[in-house]
Structure formats: C-alpha cells, structure tokens
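Per-entry structural report
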Amino acid sequence: MTGTDSTARLGAGRYLAEGERPASTVTTVHELTTADGATVRGILATVPGARTVVCLMHPRQDVTHHPLVPLLLRAGTAVWTQHTRSVNNDLTLVHEQALHDVAAGLVFLRERGFDSIVLLGHSGGGTLYAFYLEQAAREPGARIVTTPGGRPTRLADADMPLADGAVFLAPHPGQGQLLLACIDPSVADESDPLSVVAELDPFNPANGFAEPPASSSYSEEFLRRYRAAQRDRVARIDAVARGHLARTAEARAAFKAGGRAEDRRRSLAPRIITVYRTDADPRTVDLSLDPSERPYGSLFGKRPDLINYGQVGFGRLTTPEAWLSTWSGLSSNADFVRCAPGVTVPTLFLELTGDQAAFPADSRRMIGALGADDLTTTAVRGLHFGGAIAEGQPTGNELAAAEIAGWLAERYELARP
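Below or above, wherever it landed, is the structure these notes cover. (Residues numbered from 1 in each chain as written. Predicted model: local features only at pLDDT ≥ 70, side-chain atom pairs only at ≥ 80, totals over all residues. Heavy atoms only, no water.)

Structural notes on the pattern of salt bridges
Condition: What counts as a salt bridge is simple: a side-chain nitrogen of Lys or Arg found within 4 Å of a carboxyl oxygen of Asp or Glu. By the criteria applied, helices consist of DSSP H or I runs no shorter than four residues and strands consist of E runs no shorter than two, each listed in order from the N terminus. Accessible area is worked out with a 1.4 Å probe on protein chains only. A residue is then buried under 20% of its type maximum, exposed over 50%, and partly exposed in between.
Going through the model one piece at a time under the given rule, you end up with 23 salt bridges. One salt bridge connects Arg338 with Glu134, and the closest N-O pair in it is separated by 2.9 Å. On the criterion of sequence distance, the pair formed by Arg338 in helix α9 (residues 336–339) and Glu134 in helix α3 (residues 124–136) is long-range, its members being 204 residues apart. Under the relative-accessibility criterion, Glu134 is labelled buried at 6%. Its salt-bridge partner being Asp184, residue Arg277 comes within 3.0 Å of it at the nearest N-O pair.

Comments concerning a nonpolar patch on the surface
Quick note on the threshold: By definition, no residue in a patch forms a salt bridge, and every one has over 30% relative accessible area; like charges are joined within 9 Å, nonpolar side chains (Val, Leu, Ile, Met, Phe, Trp, Tyr) within 5 Å. In this description, accessible areas are obtained by the Shrake-Rupley approach with a 1.4 Å probe, and a residue is regarded as covered only by the protein chains that are shown.
On the surface, Leu194, Val196 and Tyr309 cluster together into a nonpolar patch covering about 270 Å² of accessible area. The partly exposed category is assigned to Tyr309, whose relative accessible area is 32%.

Some details on the packing of aromatic side chains
Two measures describe an aromatic ring pair: the distance that separates the ring centres and the angle between the ring planes. Note the threshold: For Phe, Tyr and Trp, where Trp contributes only its six-membered ring, two rings pair if their centres lie within 6.5 Å, and the inter-plane angle classes them as stacked under 30 degrees, edge-to-face over 60, or tilted in between.
Tallied over the entire structure, the rule returns 9 aromatic pairs. Relative to Phe336, the ring of Phe168 has its centre 5.0 Å away and its plane inclined at 80 degrees; by these criteria the two rings are edge-to-face. Taken together, the residues Phe168 in strand β7 (residues 165–169) and Phe336 in helix α9 connect sequence positions 168 residues apart. Owing to a relative accessible area of 1%, Phe168 belongs among the buried residues under this scheme.

Regarding helix α2 (residues 95–112)
Spelled out, the test is: Helix span, expected: 1.5 Å multiplied by one less than the number of residues in the helix.
In this model, α2 (18 residues) spans 26 Å end to end at C-alpha, consistent with the 26 Å of a helix rising 1.5 Å per residue. In the segment just after α2, Gly113 is the residue with positive phi, at about 90 degrees.

A look at the packing of helix α1 (residues 68–75) against helix α11 (residues 396–409)
What counts, and what does not: In this description, a line fitted to the C-alpha atoms serves as the axis of each element, helices being fitted only across the stretch in contact, and the angle between N-to-C directions of two axes falls anywhere from 0 to 180 degrees. With the far helix as reference, a near helix turned anticlockwise by less than a right angle produces a left-handed crossing, and one turned clockwise produces a right-handed crossing. Any pair of residues with heavy atoms lying within 4.5 Å of one another is described as a contacting pair. Under the convention adopted here, Pro, Cys and the residues Ala, Val, Leu, Ile, Met, Phe, Trp and Tyr are nonpolar, Asp, Glu, Lys and Arg are charged, and Gly plus all remaining residues are polar.
Put simply, α1 and α11 touch, their axes get as near as 10 Å, and they point 35 degrees apart. Between α1 and α11 lies a crossing whose hand is right-handed. When α1 is examined against α11, the residues Leu68, Leu71, Leu72 and Ala75 are found in contact with a partner set consisting of Asn397, Glu398, Ala401, Ile404, Ala405 and Leu408. A class-by-class count of the residues in the contact of α1 with α11 yields 8 nonpolar, 1 polar and 1 charged.

Examining unusual backbone geometry
Cis geometry marks the peptide bond from Pro212 to Pro213; its omega dihedral reads 10 degrees. Residue position: Pro213 is located in the loop between α4 (175–182) and α5 (220–258). One non-glycine residue, Ser123, lies in positive phi territory at about 60 degrees. Along the chain, Ser123 falls in the loop between β6 (116–122) and α3. Assessed through its relative accessible area of 7%, Ser123 is described here as buried. For Ala170, which is not glycine, the phi torsion reads 45 degrees and is therefore positive. Mapped onto the elements of the fold, Ala170 is located in the loop between β7 and α4. Given a relative accessible area of 2%, Ala170 falls into the buried group.

A look at the pairing of β6
This is how it is decided: One bridge is not enough; two strands pair if DSSP finds at least two bridges between them. Orient the strands so they point away from the viewer, and a crossover whose first-strand-to-second-strand path over the helix runs clockwise is right-handed.
The buried fraction of β6 is high, at 7 of 7 residues. Alternating positions in β6 separate into two faces, Ser116, Val118, Leu120 and His122 on one and Ile117, Leu119 and Gly121 on the other, with burial throughout. Sheet topology places strand β4 (residues 52–57) next to β6; 5 bridges connect them, and they run parallel. Following the sheet pairing, Val53 is matched in β6 by Ile117. Relative to β7, β6 runs parallel, the two being bridged by 5 bridges. Pairing of Val118 across the sheet is with Gly165, part of β7. Running through α3, the crossover from β6 to the neighbouring parallel element β7 is right-handed.

None of this, on its own, says anything about what the molecule does.
In structure tokens, the structure reads:
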C-alpha cells in the first residue's frame, strides 16, 4: 500500500459544523493505494495525545461527516473516516474488493503508530467490518478465493491487519439480506415496474394492507407465501446475473484463443440489471411484526406503498458481479450472521430501539452468532441513522456516543480532554 496526504481543515458538512469538533483537532486527507491497485481516500482527524483511533466506513456511503465524529474526538480518540472505491455509486460495488479498501486503511493506521484500532460499523458498515474481520483472522490461503461471480479476489495477497476491537451500531444483516427482506415479490414482469401478481401484492387491501398511517395486518399464511416468493425472485435474478457472467467469460475465452476484436468487445460490453420495487418489507407497514419503537414507514420515507414504485431503492441498478456479491441475499458473502463467528476481537453491539432497517429479531440473530468472548450488548433510543425518536429527546447518536465512549475507556487508552 502507498499513500499521499495533505493537511486540510474540513468545512461544514451535511451533519455537523467545524466548530463542533474540539478546537485542537487536526485533520489530514490521505489517498491510499490498495493491494489490488485501486485508489481510495480517507480522512484522519486527531486530537493531542490520541493513541486509539476509531474507524468508520460504509460500503456505499460517504461517512466523512458522520455525527459520531466530533463526539468521538471529544471522548479522546482519533477518528479515521474512509471511502470505498464505490462510494456514492454502488453500481459496481463488489464487497470482496471493498475488503481491500478496508485493509489499505488499517495498514496506513498501523504505520502511523496508533496503539489501538477500533472498527465502528454503522448500518451497512457493520457487515462490511464483520466480513473484513472474518477474512483478516484467517490465514491468507484460507481466505475467499473468488467472488460469487467467479472473479479472483486476490485476498490471499493482501496485508489485512486485524483490528483491536469492533463496535457495531445499528448494523443490518447485510445488503443482500436487507434486500431479500424488502424486495417486492409481486413483480410479474421484470421489464415492467407496474406489473403485479395480485395475490402477492403487499399493498393490496385484500392481503392485509391498510391505508397509511394505519398499521397494516398480514396473516401468517400470506407472510409465508410472501417470504418464499421473495427468495424465488432473488433466485431468478441470480440466474440472470450468472447467465450474463457466463457469456462474458465465454467472450473472454474466445478473445484469448483467437484475438478477434469482436470477442473483446463482447467481453467488455456492460450488462446492467434493473431491479424494480425494493421497498416492500411488510414490517415497515405492519408494526405488529417484530414490534419495536420504530415509526411507520421505511428508511426511505413514510409511504413505502408509493416509494416502492419510484426511482429510490436498494439495488436499483447493478452489474451482475455487484448483484451477486452485494445485493443477492442468496449469494453474497457479506452476510453478518455468516461472518459473525469470525469476529473474535472485543465487541460492542449497540441497537437503536426505533431502527427501521435492523429489527429486534435480526439483532438477536446477529448477536447470537458473534464469536467474541468479550461481548457487550446494549440498546439506546433512536432511529436507524441516529435521529431522536421524538422531538426534544436526545438523539440516538448522542446516546450511542456515551455508550461507546464508556466501553472504549474500559479497554483502550483515551486522550485527556
């Protein structure tokens, strides 16, 4: 790994103003080269005397201005926020490649001489870090060799430092598992976003849907059919993705054998999968299912029955490789429960009681799978992204920061204010 850096003060971001950070904060921007040749960017914020660094990443989103950053700095840690190569554009997001991105950041931080590195995965960052810790703990030759789409991962060639601790804040079960729970199985024709199989339509009053804001009420029989049909739809999209990849592999082989330009063009031509209607988890509109303090609606808004038909949604556009690696709940390796037994470093698992993406049953499964002997679990009131459940109450991020700071102070050296 190589890196370049430049010192800069960050201006106001989406979530916080510069003044909210301790006045003594020094912020540096770094570009890193991963073991597989990609360039990624990270930002290191430090306070005097910080010997512990907390890392925040998300496979798809920019967490530079995450609300926890100033709160962690005030607690006496340095904070490393990093992009993956697919930040804010997940069309080609392959989780096995994102592990190289994580590794580049940890190599950099070890070289900077921090005594302790703690990974903090919020939302999808939780599964990214669980996947990384599982693979980093293995001998290089035992790491995953190929992506679900069949491409070499080159993880055996990467330096993957193991972190000293992990914090999982409102982690969902993984991008694929999340989509598996919210994909609409009533799509009758993958080329027609309005096509509907009526008996599977979650927004049909005949199946138990109630006009918002009233809570819907689905029968166990409908939910059994619905969940099975969701798996069937994902399996069909998996088959489409694998078919595209097989044809691409055939074209590459033909070009290698014959050197014809038309075969090379066939191997390079993109195949983009469009996945309509992915905001249809019954739990978002039937609050009696796996009850919690969550409000009506999904992560995307208060009307899943409308949002489900719009442009916004998980996995809307994706390459076949990215679908299988990230969005397929049947094929992706980035599954928190699958990875969790390999997470053996000291671990804090922190639920948010109004979470609209990780529901109580999900959290129980994830906690039960973790392999850490030093495992702390707790919950604070808040929404998935750390907002307050009710106006005038402390935010989930503020409450979570207090829990995280206390947990860190018992295990790692923190700088004095």
